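# Coordinate inspection notes
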Amino acid sequence: MTEIACYVHGSFPRSEELVAATRDADRGRRPISAVAAQRDLDRAGFLALQASAGLDYRSAGWMSWADLFRPLIDACPGLATGALTRWFDTNTFFRAPVVVGPLELDRAAFAARLADDVGPPGTDRAPGTDRGRLGLLPGPYTFSQLAEPDTDRDALLRRVAGELVRPAAEELRNAGVTLLHLQEPALVARPVEADSWRHLNEALRLITDGLGIRVVVHTYYGDAGPLLARLRELPVDAIGVDLTETDLDSLRGPWPLGLLAGCLDGRSSRPEAEAATVALARRILEIAQPPTLYLSSGGDLELLPRAVAEQKVRVLGAATRRLREELGC
Amino acid sequence: MLTPLLTHEIGSLAKPGWRVKAAAGRPCDEADIQAAESWGKRLDVPDYPRLVELLRRPARTGVPLTAAERVEVRNWSSRYGLRFFSSAGLDVIYDGEQQRSEMYAWAAAHATGFEFRGSVRSFDNKYYSKAAVTGPVGLRAPFHNDEYRLLHQAADKPVKVPVTGPYTLAAWSFDERPGAAVDLGEPLARRRARSREARRELVLDVAVNLVRPNLEALLGLGARLIQIDEPAGSTVPDEIGLMAEAFDACVHGLDATFTTHLCFSDYDLFFPAIGEMTGCRQYTVGFANDDSTELGVGDDARPGYRIIKRFRDLPGAPHLGLGVLDIHRDFIEPPELVRDRILHAADVFGGPERLQVVPDCGLRTRTWEVAHQKLVNMVAGVELARNALGGG
């Protein structure tokens, strides 16, 4: 029987209060400590929401992250922030990572912010399971594709995987993370050179070999359907697809890996209906029959106002609970 | 109207603390009042001591500003904005959008069919208030008229009105109209076709029923240079033709010079589709964000400007508003760097006739101190370029 779990990946939206506090601090109207205090409240609220919704892996929301790459850039003296660049086909922007020296993660600097990123230690592991804290990092392929300068991206891919993502993943694991979610939108949002798959495979081995926690590679903002044969060969525990961009029928098995189904639309302000989400999940199970099905969102929920995102989290938890009840698991 | 190397600004400027507090009904502190006084003097704002007196009064008397007085403070902020750009030496000016809440929210708040949903991230820790379109779009009332009347009368130089474009207004909104709902169980091809059609309908609805009537109102007041901002223009590469179509739907048959502003995009995506924007006489585009800060006029020295050849070759020979100031950094571009960026572009264009000079985008993320010095240096750089080109 398929194991079913659910979680929310990516940065979670900040509250209106945190947005206001940040804006005020930027303009000298409130001390920076007010931002940290409000962020603590936001994080606690998000953790409580996930607990009450019944999510299996719980995220701290990564609300201190300026973009997906910044925690690694900030912890690597060989990286700098570059031009403000559009984040795929969204209206948000990131600062491109610029390689200016050796790629070596300052583990102490990275670990120092983990309390902020994964939340305070607690009893967040479900009894008898490995379910608990969720870790988030940029996928090495996306990082290497969006970094500058644009020379020998395949070599950069391996270096990012081995020298940045792997040590960061170990720090996350040491902090209690039991599932590492790697964001890889570039795999499906842009064409991938045929030879790059081999390099990606090797890069992911550098990350996953002996790591000892689950690793999910999540693709979004593009159609994963044509690439699923290659994606299913990657050395990870599960592959994520964005169902707002991917045809349900393309998920037909066999699925030797777990499948993360992005069945919440991270760009739509309409909350999904619980019944429709359950029906969608049942169809996925019929079509793909993966060993593990993770229910989540396609793109992350950060592009939504917090109140809308919170509603979607509740729907996700309720739909997962109902699906389990219907399946008797 | 678009003469060679004309300098102008793009749009927003940070709002002074005294303007923000007055608008919110909060008292100003001494630092705010000092800023109003020092900038008033520095920018030579006519009668600025009247503003200072007005800002001081609540603390002195215990009587807060009335609603009319708060509007007056906002108008002072516009006068300061005009002088900010004028004193920096720009040829065409506006007020840094001091009257508006923000380029998107201001338009959505004056439209019918929009409902605000909350804040979403734009970049870093910058957020904007995002609305959903829930029904037919329309113009509640022209929303730049009061602003234009004030600025046209107060400006000591020609003005350019920045107006948020229809594609950006649509792309920055959620679409909650009944026909836009999506069922993820549907085949992808059918979903995509329906989404494309819904988007096209929304963008053209915004163009024809919101932006165009607002432009017509501005023209009725005498506005003749209008910049239609499309920072979201390249969000979905397949929709750039739609952005172009919407631009022309806004301006077709109207008697004014219409320009557009594009920024922070992979500009290659715009070609060839923007060639269809027959109503656009100038593209103002941010380039400095991607450029080197080293001096030099050759292709290798100016990596941020690689794309300008494609703007040169657009049908109809439109002008290019050359972005020469990176608005996301406090780095003050030296005049010589501005000069070299202009000389490089003049070389590519075969002369300066089709070039004007602008910041990459609005300067609202910089302090007034930084923004003003950047603009002063931009103007100085233009003079250096004119001299180098033999027209000084």
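In this text, all values refer to a predicted model and were calculated from it rather than measured experimentally. (Residues numbered from 1 in each chain as written. Chains lettered and ligands numbered in written order. Predicted model: local features only at pLDDT ≥ 70, side-chain atom pairs only at ≥ 80, totals over all residues. Heavy atoms only, no water.)

### A word on the overall build of chain A
- Scanning chain A from terminus to terminus reveals twelve helices and nine strands.
- Computed over C-alpha atoms, the radius of gyration of chain A comes to 19 Å, within 12% of the 20 Å expected from 2.2 N^0.38 for 329 residues, which places it in the range of a compact globule.
- Each principal axis of the C-alpha atoms in chain A carries an extent, and together these give about 50 × 45 × 40 Å.
- Classification of the 329 residues of chain A by burial places 62% in the buried group.
- Across chain A, contacts joining residues at least 24 apart in sequence account for 74% of those joining residues at least 6 apart.
- Put simply, chain A shows about 11,600 Å² of open surface, and 50% of that area lies on carbon and sulfur atoms. (Helix = DSSP H or I, 4+ residues; strand = E, 2+ residues; numbered from the N terminus. Rg over C-alpha atoms; globule rule 2.2 N^0.38 Å. Buried < 20%, exposed > 50% of the residue type's maximum accessible area, 1.4 Å probe, protein only. Contact = heavy atoms within 4.5 Å. Areas by Shrake-Rupley, 256 points an atom, 1.4 Å probe, with all protein chains shown as cover.)

### Topic: the interface of chain A and chain B
- Across the contact, 40 residues belong to chain A and 41 residues belong to chain B.
- Buried area between chain A and chain B, both sides added, is near 3,300 Å², and the carbon and sulfur share of it is 45%.
- When the buried area of chain A at its contact with chain B is split by residue, L84, N91 and R270 of chain A rank highest and sum to 19% of it.
- Here D26 of chain A and K126 of chain B are joined by a salt bridge, their closest N and O atoms 3.1 Å apart.
- Counting across the chain A and chain B interface gives 23 residue pairs in polar contact (both at pLDDT 80 or more).
- Put simply, the parts of the chain that give the side of chain A that touches chain B at least two residues each are α1 (16-26), β2 (79-86), β3 (93-99), β8 (258-264) and α11 (274-288) of chain A. (Buried area = accessible area lost by both parts, 1.4 Å probe. Salt bridge = Lys/Arg side-chain N within 4 Å of Asp/Glu carboxyl O. Polar contact = N/O pair within 3.5 Å; in protein donor to acceptor, adjacent residues only side chain to side chain.)

### Topic: the pairing of strand β9 (residues 292-297) of chain A
All names here are of chain A.
- Where burial is concerned, most of β9 is hidden: six out of the six residues are buried.
- Where strand β1 (residues 3-6) lies against β9, four bridges are found, and the strand directions are parallel. Directly across from A5, in β9, lies its bridge partner Y294.
- In the classification by handedness, the crossover that spans β8, the intervening α11 and the parallel β9 is right-handed. (Pairing = 2+ DSSP bridges. Right-handed = clockwise from strand over helix to strand, strands pointing away.)

### So, the sheet that holds strand β5 (residues 177-183) of chain A
All names here are of chain A.
- Strand order in the open sheet made by the seven strands is β1-β9-β8-β7-β6-β5-β4, with parallel pairing throughout. At either end of the open sheet lies a strand with only one pairing partner, and these are β1 and β4 (133-138). Within this sheet the neighbouring strands show an average axis-to-axis angle of 25°, counted without direction.
- Strands in contact with helix α7 (residues 153-174) are β4 and β5; relative to β4, the strand with the most contacts, it is inclined by about 165°. (Axes fitted to C-alpha atoms, helices over the stretch in contact; angles between N-to-C directions.)

### Some remarks on the packing of aromatic side chains
All names here are of chain A.
- All chains considered together, the criterion is met by 27 aromatic pairs over all chains.
- Between Y7 and Y294, the aromatic rings sit 5.9 Å apart at their centres with planes inclined by 65°, giving edge-to-face as the arrangement. Here Y7, found in the loop between β1 and α1, pairs with Y294, found in strand β9; they are 287 residues apart in sequence, far enough to count as distant.
- The class of Y7 is buried, set by a relative accessible area of 0%. (Phe/Tyr/Trp six-rings, centres within 6.5 Å; stacked < 30°, edge-to-face > 60°.)

### Observations concerning the sheet that holds strand β8 (residues 319-323) of chain B
Residue and element names in this part refer to chain B.
- Pairing in this open sheet of six strands is parallel, and the strands run β3-β5-β6-β7-β8-β9 from one edge to the other. The open sheet terminates on both sides in strands that have one partner only, identified here as β3 (161-164) and β9 (355-358). Ignoring which end each strand starts from, the neighbouring axes of this sheet average 25° apart.
- Note that strand β5 (residues 225-229) and strand β6 (residues 257-262) share five bridges and pair parallel. In the strand pairing of β6, I228 is matched with T260.

### Structural notes on the pairing of strand β1 (residues 111-123) of chain B
- Alignment of β1 of chain B against strand β2 (residues 126-139) of chain B, held across ten bridges, turns out to be antiparallel. Each residue of the ladder has a partner; that of A111 of chain B, found in β2 of chain B, is L139 of chain B.

### A closer look at the environment of N289 of chain B
- With respect to the helices and strands, the residue N289 of chain B is situated in the loop between β7 (282-285) and α10 (308-312).
- Once the C-alpha coordinates of N289 of chain B and R329 of chain B are considered, the two residues, 40 residues apart in sequence, prove to be 8.7 Å apart.
- If we skip the residues at most four places from it in the chain, N289 of chain B touches A83 and L84 of chain A together with F264, D326 and D360 of chain B.
- There is a polar contact of 3.4 Å between the side chain of N289 of chain B and the backbone oxygen of L84 of chain A.

### Section: α11 of chain A
- Helix length check: α11 of chain A (15 residues) gives 21 Å between terminal C-alpha atoms against 21 Å at 1.5 Å per residue, within 8%.
- Of the residues making up α11 of chain A, those classed as buried are T277, V278, L280, A281, I284, L285, I287 and A288 of chain A. (Expected span 1.5 Å × (residues − 1).)

### Topic: the environment of V163 of chain B
Residues and elements named next belong to chain B.
- The residue V163 is located in strand β3 in this model.
- Exposure remark for V163: the relative accessible area of 1% places this residue in the buried category.
- When the C-alpha positions of V163 and L215 are compared, they lie 8.3 Å apart, and in sequence the two are 52 residues distant.
- In contact with V163, not counting residues within four places along its chain, are H144, V211, L215, L218, I226, Q227, I228 and D229.

### Considering the packing of α11 of chain A against helix α12 (residues 306-327) of chain A
Residue and element names in this part refer to chain A.
- One way to put it is that α11 packs onto α12 with a least axis distance of 9 Å and a crossing angle of 55°. In terms of orientation, α11 and α12 fall into the oblique class. Crossing of α11 over α12 shows right-handed handedness. In this structure, α11 uses E274, A275, T277, V278, A281, R282 and L285 to contact α12, whose residues at the interface are V315, A318, A319, R322, L323, E326 and L327.
- Along the lines of polarity and charge, the residues of the contact of α11 with α12 split into nine nonpolar, one polar and four charged. (Parallel < 35°, antiparallel > 145°, perpendicular 65-115°, else oblique. Left-handed = near helix turned anticlockwise from the far one by under 90°. Nonpolar A, V, L, I, M, F, W, Y, C, P; charged D, E, K, R; others polar.)

### Brief notes about the side chain of D95 of chain B
Residues and elements named next belong to chain B.
- Here D95 is to be found in the loop between α4 (67-87) and α5 (103-109).
- With no salt bridge to any partner, buried D95 finds its closest opposite charge in R100, at an N-O distance of 5.9 Å.
- Reaching out from D95, the side chain makes a polar contact with the side chain of S78 at a distance of 2.6 Å.
- Of note is the side chain of D95, whose polar atom sits 3.3 Å from the backbone nitrogen of Q98.
- If we skip the residues at most four places from it in the chain, D95 touches S78, G81, L82, F85 and L151. (Lys, Arg positive; Asp, Glu negative; His and termini not counted.)

### Observations concerning the nonpolar core
- Y80 and F311 of chain B are the most contacted members of the largest nonpolar core, which has 121 residues in total.
- Residues V188, L200, A261 and L301 of chain A belong to the second largest nonpolar core, which totals 96 residues. (Core = buried A, V, L, I, M, F, W, Y, C linked by side-chain atoms within 4.5 Å.)

### Looking at empty space enclosed by the protein
- Under the defined criterion, the tally for this structure stands at five cavities of 30 Å³ or more.
- Within this model, the largest cavity holds a volume of roughly 220 Å³.
- Considering the residues around the largest cavity, the lining is formed by 21 residues, among which D67, L68, W87, D300 and E302 of chain A are closest to the centre.
- Of all elements in the fold, only β3 of chain A together with β1 of chain B reach the threshold of two or more residues within the lining of the largest cavity.
- No other element matches the three residues that β1 of chain B contributes to the lining of the largest cavity.
- Partitioned by chemical class, the residues of the lining of the largest cavity number eleven nonpolar, five polar and five charged. (1 Å grid on protein atoms, 1.4 Å probe; cavity = no way out; pocket = protein on both sides within 12 Å on 5 of 7 lines; lining within 4 Å. Points joined across faces, edges and corners; volume = space filled by probe spheres on them.)

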